[in-house]
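# Descriptive analysis of the structure
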Amino acid sequence: MMTKPKVIVTRRWPREVEARLADMFDVTLNEADRPYGQQELREALRQADAVLPTVTDKLGADILAAGMRTKILGNFGVGFNHIDIPAARSAGLVVTNTPAVLTDATADLAMTLLLMCARRAGEGERELRSGAWSGWRPTHLCGTQVTGKTIGIIGMGRIGQAMARRCHFGFGMDVVFFDSYPVANPGVPARQLATVEEVLAAADFVSLHCPGGGENHNLINQQRLACMKSTAILINTARGDVVDEEALVQALDKGLIKGAGLDVFKSEPVVPSTLTDRQDVVLLPHLGSATSETRIAMGMRVIDNLSAFFEGRTPPDMVT
Ligand code: 8YV
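Residues numbered from 1 in each chain as written. Predicted model: local features only at pLDDT ≥ 70, side-chain atom pairs only at ≥ 80, totals over all residues.

In the nomenclature of an unreviewed UniProt entry, the protein corresponds to D-glycerate dehydrogenase from the organism Rhizobium setariae.

Check the secondary structure of the protein and you find 11 helices and 12 strands. Counting over 320 residues, the protein shows a buried share of 42%. (Helix = DSSP H or I, 4+ residues; strand = E, 2+ residues; numbered from the N terminus. Buried ≥ 20, exposed ≤ 12 C-beta atoms within 10 Å, placed from the backbone.)

Turning next to the pairing of strand E10 (residues 233-236). Both faces of E10 are covered, namely the face carrying Ile233 and Ile235 and the face carrying Leu234 and Asn236. When strand E9 (residues 205-208) meets E10, the two strands line up parallel, connected through 4 bridges. Bridged to Leu208 within E10 is Asn236. Across 4 bridges, E10 lies against strand E11 (residues 259-262) in parallel orientation. Opposite Leu234, over in E11, you have Ala260 as the bridge partner. Following the backbone out of E10, through helix H9 (residues 245-254) and into the adjacent parallel E11, one traces a crossover that is right-handed. (Pairing = 2+ DSSP bridges. Right-handed = clockwise from strand over helix to strand, strands pointing away.)

Time to look at the site of the ligand. Around the ligand, the surrounding shell consists of Thr54, Val55, Phe76, Gly77, Val78, Gly79, Leu102, Gly288 and Ser289. Residues that form the shell around the ligand fall into these classes: 4 nonpolar, 5 polar and no charged. (Near = placed C-beta within 6 Å. Nonpolar A, V, L, I, M, F, W, Y, C, P; charged D, E, K, R; others polar.)

Okay, the UniProt feature "domain: D-isomer specific 2-hydroxyacid dehydrogenase catalytic" (unreviewed entry) in the protein next. Within this numbering scheme, the UniProt entry marks residues 10-319 as carrying the feature "domain: D-isomer specific 2-hydroxyacid dehydrogenase catalytic" (unreviewed entry). For the annotated span residues 10-319, helix accounts for 35% and strand for 13% of the residues, and the straight-line distance between the end C-alpha atoms is 19 Å. (UniProt positions renumbered as here; feature names shortened; annotations may be inferred.)

Three or four residues apart is the spacing at which side chains of an α-helix point the same way, because the helix has 3.6 residues per turn. Looking only at helix H2 (residues 38-47), the buried set comprises Leu41, Ala44 and Leu45. Down the axis of H2, the smallest arc covering the buried residues is 95°, so these residues share one side. Across from the buried face of H2, at angles greater than 90 degrees, the exposed residues are Gln39 and Arg46. For H2, the elements touching its buried residues are strand E1 (6-9) and strand E3 (50-52). (Arc of directions from axis to C-beta. Contact = placed C-beta atoms within 7 Å.)

On to the sheet that holds E9. The parallel open sheet is built from 7 strands, whose spatial order is E8-E7-E6-E9-E10-E11-E12. The outermost strands of the open sheet, each flanked by one partner alone, are strand E8 (191-192) and strand E12 (281-283). Sheet contacts for helix H4 (residues 103-118): E9, E10, E11 and E12; angle to E10, the most-contacted strand, approximately 150°. (Axes fitted to C-alpha atoms, helices over the stretch in contact; angles between N-to-C directions.)

Below, the discussion takes up H9. Of the positions making up H9, those classed as buried are Glu245, Leu248, Ala251 and Leu252. One face of H9 carries all of its buried residues, which in axial projection span an arc of 115°. In H9, the exposed positions that point more than 90 degrees away from the buried face belong to Asp253 and Lys254. Packing partners of the buried residues in H9 comprise helix H8 (222-225), E11 and helix H10 (273-276). One or two steps after H9, the chain reaches Gly255, where phi turns positive at roughly 75°.

It is worth spelling out the environment of Pro99 at this point. The topology assignment puts Pro99 in the loop between strand E5 (94-96) and H4. A residue is classified by how many C-beta atoms lie within 10 Å of it, and Pro99, with 18 of them, is partly exposed. Contact partners of Pro99, with chain neighbours within four places excluded, come to Val78, Arg158 and Asp317.

Once that is clear, we can look at the environment of His217. Within the element layout of this structure, His217 appears in the loop between E9 and H8. Classification of His217 as partly exposed rests on a count of 15 C-beta atoms within 10 Å. On a C-alpha basis, the gap between His217 and Pro53 in space is 22 Å, while along the polypeptide they are 164 residues apart.

The subject of this paragraph is the packing of H4 against helix H6 (residues 158-171). Their axes nearest at 8 Å, the elements H4 and H6 cross at an angle of 50°. The angle between H4 and H6 falls in the class oblique. Crossing handedness for the pair H4 and H6: right-handed. Along the contact surface, H4 presents Thr103, Asp104, Thr106, Ala107, Ala110 and Met111, while H6 presents Arg158, Ile159, Ala162, Met163 and Arg166. (Parallel < 35°, antiparallel > 145°, perpendicular 65-115°, else oblique. Left-handed = near helix turned anticlockwise from the far one by under 90°.)

In structure tokens form, the structure reads like this:
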């Protein structure tokens, strides 16, 4: 009988997926579910044929050195900016991700943030729970109308398009977007604008759906925030590093924009008090893909990629 490939899973996954993994591979789980440190990641790469990381594993060039046993990183997630891809490539590593299966869950969460910000839902809930609600009155916690406004989408890939569908078909919004590539059929009536700045200037809500890292690092900076309408709301379910958090706080302070809904942060899980102290932001702990159905589908997709790799086929979601 062929020996099963040795697989290290860096975090706990849904029960069903762990069971399936255990049927197919020689699996080591991170029982404690604490994020691996750099030394533990190094050790995992030395010991296993496959390592299955998540966003909490920083796999930089220094630890992706040649000579490790690992041949494939089956990333649990669509975003992979925590992995140094050129270094992985030069080390001969195959990297895979989990596109498509988390599109709807992530777009749903972007919509949740948009609605919570527009309708001041977080503020209202905090007020009620604290016992400070003094009763209904015409001027109480009035937010911003969502229906019929303009959504600006930065990054019109799968998740950007899913967000556009929700905004257009669900809320009758006009859609404008920026993408580095021409998007011939975004799935809704939408205008692709030539620059990020044009989208920011036109939109009542701006939702970020581009990858993190590289040229998108601090994409939403002081100058670009100044392009937004003073009534506009920024939504980020992409990656924390796409937004310059200090510039965002300043823009909110100066009234350059009205609010922000953030699911991702620069130094997760640390969120600066300059954000947590404010009422005009909605802050969620990286919940984009956090539904049971989606997390199971993500895990199964990693398994599909691993099976293909170890059976000598091309994994369906190869990044390198
Ligand atoms: C995941 C995500 O929860 O897929 C992504 O890129 O941000 C989230 O859906 C996380 O990355 C898991 O690694």
